[in-house]
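In case you want the letters, here they are:
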Amino acid sequence: MGVNSATLKRRLGIVDAVRRAGFVRTEALADQFSVSMVTIRSDLAYLQSQNLVIRTNGGAQPAYGYAVNAPLDESPTLSEARALARAVAFRLQPGQCVFLDNSLAASFVPVHATVANLRFVVNSFETYHLASRCCDGAVSLLGGEYDRLGYPLVSPAASHALSFYDLDLAVISVSQISKAGFSLLDQTGNCLEAAIERARQVFLLTDRLDRTEADAPLLEWRNTMSVLHGGSHLMVRCCARTGALLAGIQQAPNKGGAGFCCFSFLI
Amino acid sequence: MASSFLMDQTADTPRCIVTIGEIVVEIMAETQGVGFLEPLALRGPYPSGAPAIFIDQVAKLGGDCGMISAVGHDDFGTLNIERLKRDGVDVSAILRADSYSTGSAFVRYRPDGSRDFVYNIRHSACAQIGLHEAARTLLKRATHFHVMGSSLFSFPIIDAVTTAVHQVKAQGGTISFDPNIRKEMLDIPDMRAALELMLQECDIFLPVGQSCCCSARVRRRKRLSAKSSIWVCRKSY
């Protein structure tokens with residue numbers, strides 16, 4: 001009963017390859033392990049049944065329980081970014097139009113998104129290329145002016161282009177959170193504030209709740225905002241293979257007079 | 001059990017032994033017999049689980065050690081963690097899993113000394129064992145990693161064990177492997193293949209009794225050269 005050691009070894013290698021790359025095509029796995037596509041599809045079906053990978057059209061990506069077996073040499077920044085991206089992807093609804101800033105965590109969201117008919121709106125070439133390769137949905141590049149590395153410069157063109165999209169969600173990484181407000185991690189382009197203004201819902205991503213930076217410009221809280229955060233002491237909670245990423249909900253104190261609530265999701 | 005893996009190390013070499021695997025409570029039938037097909041008087045719970053027993057003994061011998069595992073938010077889990085902590089085991093990498101019970105093993109001795117088991121492991125908190133951040137932190141200081149064959153009961157755990165083995169070896173550490181096979185485990189998918197893989201990866205091999213014979217058949221069939229540099233055959237008990 002069960003498989004032979006060569007098959008087991010290959011499946012372990014596939015999990016490791018998917019884990020390291022974030023997304024791998026079936027053809028690439030067949031080449032890497034010198035087996036047929038049929039064999040790889042069978043292996044991926046088995047690994048999905050074990051909740052280690054998620055099969056997407058043409059390949060596979062790590063499943064939600066990924067953090068449990070993350071590569072041991074992965075930097076904390078990368079693993080935290082992946083965890084935040086998974087937390088966002090888990091909350092996406094079919095057919096949503098989602099704006100992504102240029103942070104690492106936001107750029108990984110398309111890698112982990114599995115719901116259908118999404119549209120991602122981005123404003124950097126790097127995020128555009130990653131999203132185009134990893135998801136089946138549409139990806140829109142806002143345009144405007146870019147530097148030599150492909151990062152957007154401040155220009156009204158991107159904000160104007162944003163007005164053509166009916167944003168359901170804006171995914172924005174923040175560097176500082178306080179009762180007074182928050183500051184943006186991604187300082188490229190000026191369309192981030194426009195995206196926050198236009199989106200029905202805003203996810204603010206941070207790996208720490210206690211980081212503060214003096215003199216950082218703060219943006220005000222809105223009732224459309226939710227904070228997703230993870231830190232080292234919370235990674236244990238997100239490792240449960242039940243798939244329940246929401247470990248608890250804390251209600252931040254209401255800002256006087258504004259009449260809104262900010263919910264904080266522990267991932 | 002001789003600490004043969006320490007032969008090449010000096011007394012001053014910092015050592016940390018880590019293992020991964022199931023933590024269970026053991027509940028014993030008070031009378032000998034065959035199986036659990038009738039009401040019995042039972043005794044327990046006792047803290048148990050082969051890797052937990054192993055690492056507890058390492059701690060009692062004064063070794064720096066830790067364990068990667070998972071228990072439920074229940075008294076059975078508390079019983080085990082408190083025992084290990086009291087004896088000096090680093091328990092920071094033992095997850096308290098929501099919505100799962102701590103694993104259990106009901107055991108009854110037959111008159112000939114053999115045992116019958118009823119396990120609740122694969123669908124207990126043990127199924128949540130994995131390389132979360134606390135586990136990775138513990139593994140970073142491991143100089144030796146012990147694999148218990150009974151812990152290879154699901155593919156995700158085999159994946160975690162294999163990753164840990166490779167990590168410890170990359171750090172210059174050593175691997176020991178005790179197949180610890182029970183007849184109730186032989187029908188677990190992937191286990192036989194995983195036992196073969198661990199046999200290829202380990203530096204010290206510690207079979208007992210019938211598992212020694214099974215391993216010998218594996219080696220002859222695979223024509224393995226002595227990848228495992230040390231075999232330590234122990235008497236069954």
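You'll find the structure just up there.
Here is what the cut-offs are and how they apply
- Residues numbered from 1 in each chain as written.
- Chains lettered and ligands numbered in written order.
- Predicted model: local features only at pLDDT ≥ 70, side-chain atom pairs only at ≥ 80, totals over all residues.
- Heavy atoms only, no water.
- Helix = DSSP H or I, 4+ residues; strand = E, 2+ residues; numbered from the N terminus.
- Buried < 20%, exposed > 50% of the residue type's maximum accessible area, 1.4 Å probe, protein only.
- Areas by Shrake-Rupley, 256 points an atom, 1.4 Å probe, with all protein chains shown as cover.
- Pairing = 2+ DSSP bridges.
- Contact = heavy atoms within 4.5 Å.
- Axes fitted to C-alpha atoms, helices over the stretch in contact; angles between N-to-C directions.
- Phe/Tyr/Trp six-rings, centres within 6.5 Å; stacked < 30°, edge-to-face > 60°.
- Lys NZ or Arg CZ within 6 Å of the ring centre and 35° of its normal.
- Core = buried A, V, L, I, M, F, W, Y, C linked by side-chain atoms within 4.5 Å.

Brief notes about the overall build of chain A
Thought 1: Scanning chain A from N- to C-terminus turns up nine helices and twelve strands.
Thought 2: Looking at chain A residue by residue over its 267 residues, the buried ones come to 52%.
Thought 3: As displayed, chain A offers around 11,900 Å² of accessible surface, 51% of which is attributable to carbon and sulfur atoms.

Side note on the sheet that holds strand β1 (residues 24-25) of chain A
Residues and elements named next belong to chain A.
Thought 1: Pairing is antiparallel in the open sheet, where three strands are placed in the order β1-β3-β2. The sheet is open, and its two edges are formed by β1 and β2 (53-56), each paired on a single side.
Thought 2: Sheet topology note: the β2/strand β3 (residues 59-62) ladder contains four bridges and is antiparallel. Residue pairing in the sheet places Val53 in a bridge with Pro62 of β3.
Thought 3: Contacting β1, β2 and β3, helix α1 (residues 5-21) runs over the sheet at an angle of about 75° to β3.

Brief notes about the packing of aromatic side chains
All names here are of chain A.
Thought 1: All told, the structure shown has five aromatic pairs over all chains when counted by the stated rule.
Thought 2: Geometrically, the ring pair formed by Phe182 and Trp221 is tilted, given 5.3 Å between the ring centres and 50° between the ring planes. Taken as a pair, Phe182 in strand β8 (residues 181-184) and Trp221 in the loop between β9 (201-206) and β10 (225-229) lie far apart in primary sequence, 39 residues in all.
Thought 3: It is Arg11 that lies over the ring of Tyr46; its NZ or CZ is 4.3 Å from the centre.

Quick word on the nonpolar core
Thought 1: Of all hydrophobic cores here, the largest spans 59 residues; its most connected members are Ile68, Leu139, Phe145, Val147, Leu152 and Val161 of chain B.
Thought 2: With eight residues, helix α4 (residues 155-170) of chain B is the single largest residue contributor to this core.
Thought 3: Once residues within four sequence positions are removed from consideration, Val147 of chain B is found in contact with Leu152, Val161, Val165, Ile175, Ser176, Phe177, Asp178 and Met198 of chain B.
Thought 4: Of all hydrophobic cores here, the second largest spans 27 residues; its members include Phe23, Leu118, Cys134 and Val171 of chain A.

Read these as geometric descriptors, not functional statements.
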